[in-house]
Amino acid sequence: MKAKKPGSLPPAEPPPEEVELFRAEVSDAVPLKTAKRYLPPRANAPVAPVQSLLDDHAALGESLYGDFDDIEISEDETYVRTGIGRDVLRKLRRGTWRVQYEIDLHGMTRTEAAEQLREFL
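What counts, and where the lines are drawn
Residues numbered from 1 in each chain as written. Predicted model: local features only at pLDDT ≥ 70, side-chain atom pairs only at ≥ 80, totals over all residues. Heavy atoms only, no water. Helix = DSSP H or I, 4+ residues; strand = E, 2+ residues; numbered from the N terminus. Buried < 20%, exposed > 50% of the residue type's maximum accessible area, 1.4 Å probe, protein only. Contact = heavy atoms within 4.5 Å. Areas by Shrake-Rupley, 256 points an atom, 1.4 Å probe, with all protein chains shown as cover. pLDDT = per-residue confidence, 0-100.

Novice: What's the story with the overall build of the protein in this structure? I'm lost.
Specialist: The helix and strand tally for the protein stands at four helices and zero strands. Secondary structure elements of the protein occur, N-terminal to C-terminal, as α-α-α-α. Counting the 121 residues in the protein, one finds 7% classified as buried. Across the protein, the fraction of contacts at a sequence separation of at least 24, relative to all contacts at a separation of at least 6, is 56%. Looking at the protein as shown, the accessible area adds up to about 11,800 Å², and 56% of this sits on carbon and sulfur atoms.

Novice: Sorry, what's going on with the side chain of Gln116 here?
Specialist: With respect to the secondary-structure elements, Gln116 resides in helix H4 (residues 110–120). The residues touching Gln116, leaving out its near neighbours within four places in the chain, are Ile103, Leu105 and Met108.

Novice: Honestly, the confidence of the model for the protein in this entry has me stumped. Any pointers?
Specialist: For residues with low pLDDT, the predicted coordinates do not support detailed interpretation. This prediction gives the protein a mean pLDDT of 76; 74% of its residues lie at or above 70. Helix H1 (residues 16–25) holds the highest mean pLDDT among the elements of the protein, 92, whereas helix H2 (residues 50–65) holds the lowest, 76.

Right, dumping it as structure tokens:
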């Protein structure tokens, strides 16, 4: 079963002949006039702290290029990475955070599962 994702990766670059065809079709297009007014940010718009963005970036990099071979965790063991508080584990167990996406790795080899997990993350 494939991972459930909110969207897919953007398509690869189109072939040069398709780009030329598109540009020929829209060559006589006239840009719409836009209103030059300032739209301030919403007062209640969430703002991600810089550290949160850095953490997200680090997690993404590790998920793409990290080595999963040294991680062995059984059902009864817990693992909390250095720098992550025990309250995070407690909140996960209590269901404080809602699951947003799921991935089913059943029936896959270790290599296939690692690839699917990297793609999912």
